[in-house]
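Here is what each chain is made of, one letter per residue.
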Amino acid sequence: MAQAGAGEAETRPRADKQQLQRAARRPRSTETEADDAGGRLFVSALARGLDVLSAFRARDRALGNQELAERTGLPKPTISRITHTLTQLGYLSYDARSTTYQLGSRAISLSYAALANLDVRNIARPIMTELAETNNLHVALGTRDQLMILNIETCEGHGLVGLRLPSGSRVPMAITAIGKAYLAAISEDERNKILSEISKQHGSEWRTIVKSVERSIGEIEKRGFCTSAGEWRKDINAVGAAIIPPGGGTVYALSFGGPAYLVSQEQLEHEYGPAIAAAAKTISASLGA
């Protein structure tokens with residue numbers, strides 16, 4: 001009995017770590033969920049096709065049908081039909097030697113068109129660049145992508161070596177400074193729905209995560225920024241602030257941070273937090289203008 005108890009104690013931390021790793025991935029969807037998601041006008045076949053395109057990440061070179069099936073949760077035969085269709089339409093390109101796919105020219109042109117028309121990105125870039133270069137830290141601008149935060153613009157200081165998150169990368173929502181800042185800025189109903197979905201990805205850590213989110217909401221209300229020290233990665237510290245267009249519309253968030261050995265808790269509270277709050281306020285006001 002003692003040996004069995006010791007074995008359980010050893011496997012529990014491993015299981016908890018795997019749960020956190022799964023939480024950092026893009027959430028899977030099933031065909032049934034897609035069919036039920038939007039009611040009578042919802043085109044489930046289109047939704048599945050977009051899920052396949054969304055499965056590609058910033059650092060991916062090419063993906064096969066099996067990898068796409070694992071990332072989306074869709075059956076492999078369904079994936080095969082979708083990738084064939086997307087290839088015919090130019091949204092994917094196929095490499096016959098490796099039997100893998102990359103995003104095609106039509107998908108890339110859509111990405112460039114979307115980014116080029118984001119006012120918030122154009123307004124934020126010079127402010128982010130100055131913050132990053134002055135402090136040699138990482139600055140990111142993001143918004144919601146299902147249960148993740150999608151980085152739509154990132155800037156890095158010249159001396160930063162501990163954190164590389166390019167534009168197009170995704171980070172978890174409930175355990176990062178940028179994600180918690182976003183959650184603090186949206187309506188309570190929307191926040192509760194998102195947290196309910198995210199909770200399914202976590203085990204015993206969920207109570208701790210919810211408390212951290214609630215604490216961050218209070219920090220945002222009081223000081224305009226929230227902190228995250230080692231929550232997502234134990235060696236990464238950051239602050240986050242929300243960007244809320246005065247006239248309504250899409251909510252964005254900023255994060256500012258880097259390796260823990262360069263970013264202390266005191267700096268988060270007294271230096272970087274006020275700086276990111278001021279940056280977010282400036283960007284929000286400029287969007288209103």
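The preceding data block contains the structure.
Residues numbered from 1 in each chain as written. Predicted model: local features only at pLDDT ≥ 70, side-chain atom pairs only at ≥ 80, totals over all residues. Heavy atoms only, no water.

**Q** What am I meant to see in the overall build of the protein chain here?
**A** Summing up its helical and strand segments, the protein chain has eleven helices and eight strands in all. Out of the 289 residues in the protein chain, the part that is buried amounts to 44%. When the accessible surface of the protein chain is summed, it comes to about 15500 Å², and 51% of that surface belongs to carbon and sulfur atoms. (Helix = DSSP H or I, 4+ residues; strand = E, 2+ residues; numbered from the N terminus. Buried < 20%, exposed > 50% of the residue type's maximum accessible area, 1.4 Å probe, protein only. Areas by Shrake-Rupley, 256 points an atom, 1.4 Å probe, with all protein chains shown as cover.)

**Q** I would appreciate a short explanation of the sheet that holds strand S5 (residues 170-172) in the present structure.
**A** Within a sheet, adjacent strands bond to each other through the backbone by hydrogen bonds, running parallel or antiparallel. Spatially, six strands are ordered S5-S4-S3-S8-S7-S6 in an open sheet, and the strand pairing comes out antiparallel. The two strands at the open ends of the sheet, each matched to only one other strand, are S5 and strand S6 (226-229). Averaged over all adjacent pairs, the angle separating strand axes in this sheet is 30 degrees, with direction ignored. Pairing of strand S3 (residues 138-145) with strand S4 (residues 148-156) involves eight bridges; the strand directions are antiparallel. Bridge pairing in S4 places His138 opposite Glu156. Seen against the sheet, helix H10 (residues 206-223) touches S6 and strand S7 (236-243) and runs at an angle of roughly 140 degrees to S6. (Pairing = 2+ DSSP bridges. Axes fitted to C-alpha atoms, helices over the stretch in contact; angles between N-to-C directions. Contact = heavy atoms within 4.5 Å.)

**Q** Got a minute to help me understand unusual backbone geometry in this structure?
**A** It is generally the case that most residues other than glycine have a negative phi and that most peptide bonds are trans. The phi dihedral of Asn136 falls on the positive side, at around 55 degrees, and the residue is not glycine. Residue placement: Asn136 occurs in the loop between helix H7 (119-135) and S3. Given the relative accessible area of 30%, Asn136 is considered partly exposed. In this structure, Gln146 is a non-glycine residue whose phi angle is positive, near 55 degrees. Relative to the helices and strands, Gln146 resides in the loop between S3 and S4.

**Q** Whenever I open this one, the side chain of Thr100 confuses me. Can you help?
**A** By secondary structure assignment, the location of Thr100 is in strand S2 (residues 100-103). With relative accessibility at 14%, the residue Thr100 sits in the buried group. A distance of 2.6 Å separates a polar atom in the side chain of Thr100 from a polar atom in the side chain of Ser98. With residues near it in sequence (within four places) discarded, Thr100 still touches Ala62, Leu63, Gly64, Ser93, Tyr94 and Asp95. (Polar contact = N/O pair within 3.5 Å; in protein donor to acceptor, adjacent residues only side chain to side chain.)

**Q** Any chance you could explain helix H4 (residues 65-72) here in plain terms?
**A** Because an α-helix completes one turn every 3.6 residues, residues spaced three or four positions apart along the sequence face the same direction. Listing the buried residues of H4 in full gives Asn65, Leu68, Ala69, Arg71 and Thr72. Relative to the axis of H4, the buried residues are bounded by an arc of 170 degrees and lie together on one face. Taken together, the buried residues of H4 touch helix H3 (44-54), helix H5 (76-89) and S2. Downstream of H4 by a residue or two, Gly73 has a phi angle that is positive, lying close to 80 degrees. (Arc of directions from axis to C-beta.)

**Q** Where do I start with the packing of helix H8 (residues 177-185) against helix H9 (residues 188-199) in this structure?
**A** Packed helices, taken two at a time, are described by the angle their axes make and the gap between the axes. At a closest axis distance of 8 Å, the pairing of H8 and H9 adopts a crossing angle of 140 degrees. What the angle tells us is that H8 and H9 run oblique. Every residue of H9 that contacts H8 at Tyr182, Leu183 and Ala184 is listed here: Glu190, Arg191, Ile194 and Leu195. Its residues assigned to classes, the contact of H8 with H9 comprises five nonpolar, no polar and two charged. (Parallel < 35°, antiparallel > 145°, perpendicular 65-115°, else oblique. Nonpolar A, V, L, I, M, F, W, Y, C, P; charged D, E, K, R; others polar.)

**Q** Is there a simple way to explain the packing of H3 against H5 in this structure?
**A** At their nearest, the axes of H3 and H5 sit 10 Å apart, and the two run at 80 degrees to each other. It follows from the interaxial angle that H3 and H5 lie roughly perpendicular. Judged by residue contacts, Arg48, Gly49, Val52 and Leu53 of H3 engage Thr78, Ile79, Ile82, Thr83 and Leu86 from H5. Per-class residue counts for the contact of H3 with H5 are five nonpolar, three polar and one charged.

**Q** I'm lost on the packing of aromatic side chains in this one. Help?
**A** Each aromatic ring pair is characterised by the separation of its centres together with the angle its planes make. Across all of its chains, the model carries two aromatic pairs by this definition. Each ring, one from Tyr94 and one from Tyr101, has its centre 4.9 Å from the other, and the planes form 45 degrees; the classification is tilted. According to the relative accessible area criterion, Tyr94 is partly exposed, its value standing at 42%. Accessibility expressed as a relative area gives 8% for Tyr101, which makes it buried. With 5.1 Å between their ring centres and 75 degrees between their planes, Phe256 and Tyr272 make a pair best called edge-to-face. You can see Phe256 sitting in strand S8 (residues 252-259) and its partner Tyr272 sitting in helix H11 (residues 265-288), a full 16 residues away along the chain. Judged on exposure class, the residue Phe256 and its partner Tyr272 are both buried. (Phe/Tyr/Trp six-rings, centres within 6.5 Å; stacked < 30°, edge-to-face > 60°.)

**Q** I'm lost on the pattern of salt bridges in this one. Help?
**A** The full count for this structure, using the stated rule, is eight salt bridges. For Glu153, the salt bridge goes to Arg125, with nearest N and O atoms at 3.6 Å. Taken together, the positions of Glu153 in strand S4 and Arg125 in helix H7 put the pair 28 residues apart, joining distant regions of the chain. Exposure remark for Glu153: the relative accessible area of 7% places this residue in the buried category. For Arg125, a relative accessible area of 29% corresponds to the partly exposed category. Across the pair Arg223 and Glu269 runs a salt bridge whose closest N-O atoms are separated by 2.4 Å. Of the two residues, Arg223 is situated in helix H10 and Glu269 in helix H11; the sequence distance between them amounts to 46 residues. Arg223 sits in the partly exposed class, given a relative accessible area of 32%. A relative accessible area of 21% places Glu269 in the partly exposed class. Residues participating in the shared-partner salt-bridge network are Arg121, Arg125 and Glu153. (Salt bridge = Lys/Arg side-chain N within 4 Å of Asp/Glu carboxyl O.)

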